[in-house]
Amino acid sequence: MSPGDLADDLMRRDFTINAMALVLAPSGFGRLVDPCGGRHDLRRRVLRPLHPLSFVEDPTRLFRAARYAARLGARFGRDGRAALALALRIGDFPALSGQRLRAEIDLLAAESPATGAFDRALRWQLLRLWDRRFRVAGGVRAHLRAVRRFEERARAAGAAVDGRDLTLLALLAGQPTRVVGACLDRLAVTGEPRRALAAAVAGRGLGERLARTTRPSAIADMLDHLSATVLAGAWLLAPAATRRRIEWFLRDGAPRGRSCPGRT
């Protein structure tokens, strides 16, 4: 990127609302520099990219758009909707690394749930940038809320959990196996984290086996070699009684012979 003046710098921004600056020089101190009409768009709560190919040039701007729109209560105007549709139609951005995509998901997860940033990302179908076959199943939003509850309970029990992996689990649970694999490929998730996530997404089977196990010692034996991510997958897809068994294990499952909430 070549050096430029203030106007050049502002024209390189993502949206009109952050293409504004205040003059600090004494001769014009406090004057607003707004070459793209950002102040007007901010008043109208419209999120407008600076040019039609903005999201094609850098698709991560779409995830930032979800965060900005949620914080400001803003919406895409006609230009933004057209730019979004174009980016999704192209859809395959080999120069966009999996690490950058995952970083944007982590930033979305860091937003307050009340802002609805993830809701916008899902409504705009942004996870099709992971894989074109990704579909927002009816339970995705509920899964996102649920894994936060699991994280709180696991941390309260002293268990080490990775909130980033729990977010991926919530997004991938319910997707077909081939889509899960393609998404993990796209995000460059490898090694043990990948194995744990793949097992967690398939956690319904573990939950069913756990539901048939009544002795606390047997429950502990079944679970004590599993990561918190795998336990989260089983918990996410299990009925209340089975969830209580997993929560018992997280709290005090290592000592044998204790009573287990949810035991039948």
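Residues numbered from 1 in each chain as written. Predicted model: local features only at pLDDT ≥ 70, side-chain atom pairs only at ≥ 80, totals over all residues. Heavy atoms only, no water.

**Some remarks on the overall build of the protein**
Quick note on the threshold: Every helix listed is a DSSP run of H or I at least four residues long, and every strand listed is a run of E at least two residues long, numbered separately from the N terminus. For every residue, the accessible area (1.4 Å probe, protein chains only) is compared with the maximum for its type, and the residue is labelled buried under 20%, exposed over 50%, or partly exposed between those bounds. We call two residues in contact whenever any of their non-hydrogen atoms come within 4.5 Å of each other.
Counting secondary structure elements, the protein contains 15 helices and four strands. Within the protein, the fraction of its 264 residues that count as buried is 49%. For the protein, restricting intrachain contacts to residue pairs at least 6 apart in sequence, the fraction spanning at least 24 positions comes to 65%.

**A closer look at the confidence of the model for the protein**
Rule in force here: A residue's pLDDT is the predictor's confidence in that residue, given on a scale from 0 to 100.
Model confidence for the protein is summarised by a mean pLDDT of 88, while 94% of its residues fall at 70 or above. Here helix α1 (residues 6-11) is the element of the protein with the lowest mean pLDDT, 82, and strand β3 (residues 46-47) is the one with the highest, 96. Low pLDDT (under 50) marks residues 255-260, which in the prediction has 13 contacts with non-local residues, meaning those over four places away or in another chain.

**Focus: unusual backbone geometry**
Glycine aside, a negative phi is what most residues show, and trans is what most peptide bonds show. Positive phi outside glycine occurs at R45, with the angle close to 60°. When its relative accessible area of 46% is taken as the criterion, R45 is described as partly exposed. With a phi close to 65°, Q125 is a non-glycine residue in the positive phi region. With respect to the element layout, Q125 can be found in the loop between α7 (117-123) and α8 (140-156). In this structure Q125 comes out as partly exposed when scored by relative accessible area, which is 26%.

**Here's the deal with helix α9 (residues 163-172)**
The criterion, for reference: Distance and chemistry together define a polar contact, namely a pair of N or O atoms within 3.5 Å, with one atom able to donate a hydrogen and the other to accept it when in protein, and with adjacent residues in sequence counting only for side-chain atoms on both sides.
Counted residue by residue, α9 has nine buried out of 10 residues, so it is predominantly covered. Within α9 the residues assigned to the buried category are G163, D165, L166, T167, L168, L169, A170, L171 and L172. Those residues of α9 that are buried lie in contact with α6 (98-110), α7, α8, α10 (177-186), α11 (191-201) and α14 (228-236). With a side-chain oxygen lying 2.9 Å from the backbone nitrogen of R164, the N-terminal cap of α9 falls on D162. Phi turns positive, to about 95°, at G174, one or two residues after α9.

**Considerations on the packing of helix α12 (residues 204-211) against helix α13 (residues 216-223)**
To be explicit about the condition: Lines fitted to the C-alpha atoms define the axes, with helices restricted to the stretch that makes contact. Angles between their N-to-C directions range from 0 to 180 degrees. The cut-offs work like this: below 35 degrees is roughly parallel, past 145 is roughly antiparallel, 65 to 115 is roughly perpendicular, and the gaps in between are oblique. Take the far helix as your reference; a near helix turned counterclockwise from it by less than a right angle gives a left-handed crossing, and one turned clockwise gives a right-handed crossing.
Interhelical geometry of α12 versus α13 gives an angle of 160° and a closest axis separation of 10 Å. It follows that α12 is roughly antiparallel to α13 by the angle criterion. In this structure, α12 meets α13 at a crossing whose hand is right-handed. Only I219, M222 and L223 of α13 make contact with α12, whose side of the interface consists of L206, R209 and L210.

**Let's talk about the side chain of T242**
Here T242 shows up in helix α15 (residues 240-252). The class of T242 is buried, set by a relative accessible area of 2%. What T242 contacts, discounting residues up to four positions off in sequence, is G207, L210 and A211.

**A look at the nonpolar core**
Test applied: What makes a nonpolar core is a set of buried Ala, Val, Leu, Ile, Met, Phe, Trp, Tyr and Cys residues whose side-chain atoms join them at distances within 4.5 Å.
W130, F150, L171 and I246 are the most contacted members of the largest nonpolar core, which totals 73 residues. Apart from residues no more than four positions distant in its own chain, L171 is found in contact with I105, F118, L122, L127, W130, F134, V140 and L144. One finds L10, A21, C36 and L50 within the second-largest nonpolar core, a separate group that totals seven residues.

**A short note on the packing of α11 against α14**
Selection rule: Ten residue types, Ala, Val, Leu, Ile, Met, Phe, Trp, Tyr, Cys and Pro, are classed as nonpolar, four, Asp, Glu, Lys and Arg, as charged, and the remainder, Gly among them, as polar.
Interaxial distance between α11 and α14 falls to 7 Å at its minimum, and their mutual angle equals 15°. As the angle between them shows, α11 and α14 are arranged roughly parallel. The two elements α11 and α14 cross, and the hand of that crossing is right-handed. Two secondary-structure elements touch here, α11 through A196, L197, A199 and A200 and α14 through T229, V230 and G233. Considered class by class, the residues forming the contact of α11 with α14 number five nonpolar, two polar and no charged.

**Focus: the environment of G203**
Looking at where G203 falls in the secondary structure, it is placed in the loop between α11 and α12. The class of G203 is buried, set by a relative accessible area of 2%. When the C-alpha atoms of G203 and R45 are compared, they prove to be 42 Å apart, with 158 residues separating the residues in sequence. Here G203 is in contact with G233, A234 and L237, once residues within four sequence places are set aside.

**Looking at α10**
Burial runs high along α10: seven of the 10 residues are buried. Among the structural elements, α6, α9 and α11 are those in contact with the buried residues of α10. Phi turns positive, to about 60°, at A188, one or two residues after α10.

**Re the pattern of salt bridges**
Rules: Any Lys or Arg side-chain nitrogen found within 4 Å of a carboxyl oxygen on Asp or Glu counts as a salt bridge.
For the structure shown, the criterion picks out 22 salt bridges. Residue R133 pairs with D131 through a salt bridge whose shortest N-O separation is 2.9 Å. Each of D14, E57, D58, R61, R64, R67, R71, R100, E104 and E111 takes part in a single network of salt bridges with overlapping partners.

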